[in-house]
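Okay, here's what each chain looks like letter by letter:
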Amino acid sequence: MKIKGKKYKTIWFENNVVKIIDQTKLPHEFYIKELKTIDDAINAIKVMEVRGAPLIGATAAYGIVLALMENKDQSFLENACRNLIRSRPTAINLKWAVDRMFSKIKGVNSSDVLNIAIKETDEICEEDIKFCKNIGLNGLKIIEDIYNKKKDTVNILTHCNAGWLATIDWGTATSPIYQAHQKGIPIHVWVDETRPRNQGANLTSFELNEENIKNTIIADNTGGILMQRGEVDACIVGTDRTLSNGDVCNKVGTYLKALAAKDNNIPFYVALPSSTIDWDMKNSENIPIEERNSEELSFVEGLDNNNKLKKIRIYPKNSKSLNLAFDVTPAKYITGLITEKGICSASEEGLNKLFK
Ligand code: MRU
């Protein structure tokens, strides 16, 4: 998608370095950062210069390319893979990408291994773009149906950033929105601010603005009253890990939106590429929920009146805070899963019909 009218992807390989849009600097600064080593890639994932399940999967794949450029020794590579998988625990895409890369390069002799790794990384990225575009085309039908009944602006509520910045291009939850906008359907997005890191306000609103899509940032607790007032036609969110029974784990607060949507009879959709399906885990209680530094809650960053970036403490110094980054939305609250292969019920049966 575009930034200042120019098309970008979120990650690419150029002159033997990996380039990323540093998302910790958005929306106030557009900065392209170079990753040169495996440690750069691991750090970019940990500090969330790149974030969003599909993008951290792609960064892990590029991390393996960088590791091979440093050292082709098997034990160095295995250590790199372990550290990549551990860098953020919740999104399954990290393990998915590392396993996929490892199965391609395992046993390949050292003169070919780098080229094979680069080719596989390119394929992971190209596939993600294709899948996200298809999610958009499949999800477009939902928005078209609402518009055909309503004949007025369609209001979609989304949480966090499951936009193109979270993937390589298009996004998951935002992809149907981009498709609808390109088709001329009037659309407006309620953007949950998404405390504590404000991915909604800083990233989703930013990327929608760049594509000229109307959006309004709301505090995370505002969705409920908007739903009661009939100002939300549908919710579409992303996911970091989808279990085969249809439960989804996404940015903390997603569950509360699903409850409010159920109470107000509003369709609640989750958009995902198949790379976020964890076919092995059967019980959502086993999903590792990332707990991040509580300073992400107690400090906020923004521009002061002189346009200078400032980080300030907003809580009492001696107050404790807890920063759980994800929660689980049980399948029973989900109207449907929008995937690259079509829309299905959030259930084993639904997912099996599309993918097995
Ligand atoms: O902590 P983040 O910003 O990586 O969380 C991102 C999300 O929760 C997204 O909704 C999810 O990764 C899906 S991205 C298409």
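Quick caveat: nothing in here was measured; it's all calculated off a predicted structure.

Turning our attention to the sheet that holds strand β7 (residues 187-192). Each strand in a sheet pairs with its neighbour through backbone hydrogen bonds, running either in the same direction (parallel) or in the opposite one (antiparallel). Judged by pairing direction, the sheet is mixed, and its 7 strands sit side by side in the order β8-β7-β6-β9-β12-β17-β18 without closing on themselves. Of all strands in the sheet, those with a lone pairing partner are β8 (214-218) and β18 (342-344), marking the two edges. Across the sheet, the axes of successive neighbouring strands diverge by a mean angle of 25°, strand direction being ignored. Relative to β8, β7 is paired through 5 bridges, and the arrangement is parallel. If you follow V191 over to β8, its bridge partner there is I217. Contacting β6 (154-158), β7, β9 (234-237) and β12 (268-271), helix α9 (residues 254-263) crosses the sheet at an angle of about 145° to β12.

One can describe the packing of helix α3 (residues 74-87) onto helix α4 (residues 93-105) by two numbers: an axis separation of 8 Å at closest approach and a directional angle of 160°. Put simply, α3 runs roughly antiparallel to α4. When the axes of α3 and α4 are compared, the crossing they make is right-handed. Contacts between α3 and α4 pair Q74, L77, E78, C81, L84, I85 and S87 from the former with L94, K95, V98, F102 and I105 from the latter. Looking at side-chain class alone, the contact of α3 with α4 contains 8 nonpolar, 2 polar and 2 charged residues.

Another aspect to go through is helix α5 (residues 110-150). For α5, spanning 41 residues, the distance from its first C-alpha to its last is 60 Å, which sits close to the expected 60 Å at 1.5 Å a residue. In the structure, α5 departs most strongly from a straight axis at G139, where the bend amounts to approximately 30°. With its phi angle positive at about 55°, K151 sits one or two positions after the end of α5.

Two elements in contact, helix α2 (residues 53-70) and α5, have axes whose closest approach is 9 Å; the angle formed by their N-to-C orientations is 170°. One element, α2, and the other, α5, form an angle in the roughly antiparallel class. Residues P54, A58, A61, Y62, V65, L68 and M69 of α2 form the contact with α5, whose participating residues are V113, L114, A117, I118, T121, D122, I124, C125 and D128. For the contact of α2 with α5, the class distribution of residues is 13 nonpolar, 1 polar and 2 charged.

Moving on: the site of the ligand. The ligand sits among 18 residues. The nearest are A53, R88, Q199, N250 and K251. The separation between an oxygen atom of the ligand and a polar main-chain atom of A53 is 2.9 Å. In the complex, the protein chains occlude 100% of the 420 Å² of accessible area that the ligand would expose alone. Those elements that place two or more of their residues in the shell around the ligand are α2 and β11 (248-251). When its residues are assigned to classes, the shell around the ligand shows 7 nonpolar, 7 polar and 4 charged.

Taken as a whole, the protein is organised into domain 1 (2-127) and domain 2 (136-354). The straight-line distance from the C-alpha centre of domain 1 to that of domain 2 is 24 Å. Listed by partner, the interface residues are 30 residues for domain 1 and 35 residues for domain 2. At the junction of domain 1 with domain 2, the criterion picks out 2 salt bridges. Two residues, E290 and R88, come together in a salt bridge whose shortest N-O distance is 2.8 Å. Linking domain 1 to domain 2 there are 16 residue pairs in polar contact (both at pLDDT 80 or more).

The rules we used
- Residues numbered from 1 in each chain as written.
- Predicted model: local features only at pLDDT ≥ 70, side-chain atom pairs only at ≥ 80, totals over all residues.
- Heavy atoms only, no water.
- Pairing = 2+ DSSP bridges.
- Helix = DSSP H or I, 4+ residues; strand = E, 2+ residues; numbered from the N terminus.
- Axes fitted to C-alpha atoms, helices over the stretch in contact; angles between N-to-C directions.
- Contact = heavy atoms within 4.5 Å.
- Parallel < 35°, antiparallel > 145°, perpendicular 65-115°, else oblique.
- Left-handed = near helix turned anticlockwise from the far one by under 90°.
- Nonpolar A, V, L, I, M, F, W, Y, C, P; charged D, E, K, R; others polar.
- Expected span 1.5 Å × (residues − 1).
- Bend = angle between axes of the 7 residues up to and from the residue.
- Near = heavy atom within 4 Å.
- Polar contact = N/O pair within 3.5 Å; in protein donor to acceptor, adjacent residues only side chain to side chain.
- Areas by Shrake-Rupley, 256 points an atom, 1.4 Å probe, with all protein chains shown as cover.
- Domains from an automatic or database assignment.
- Salt bridge = Lys/Arg side-chain N within 4 Å of Asp/Glu carboxyl O.

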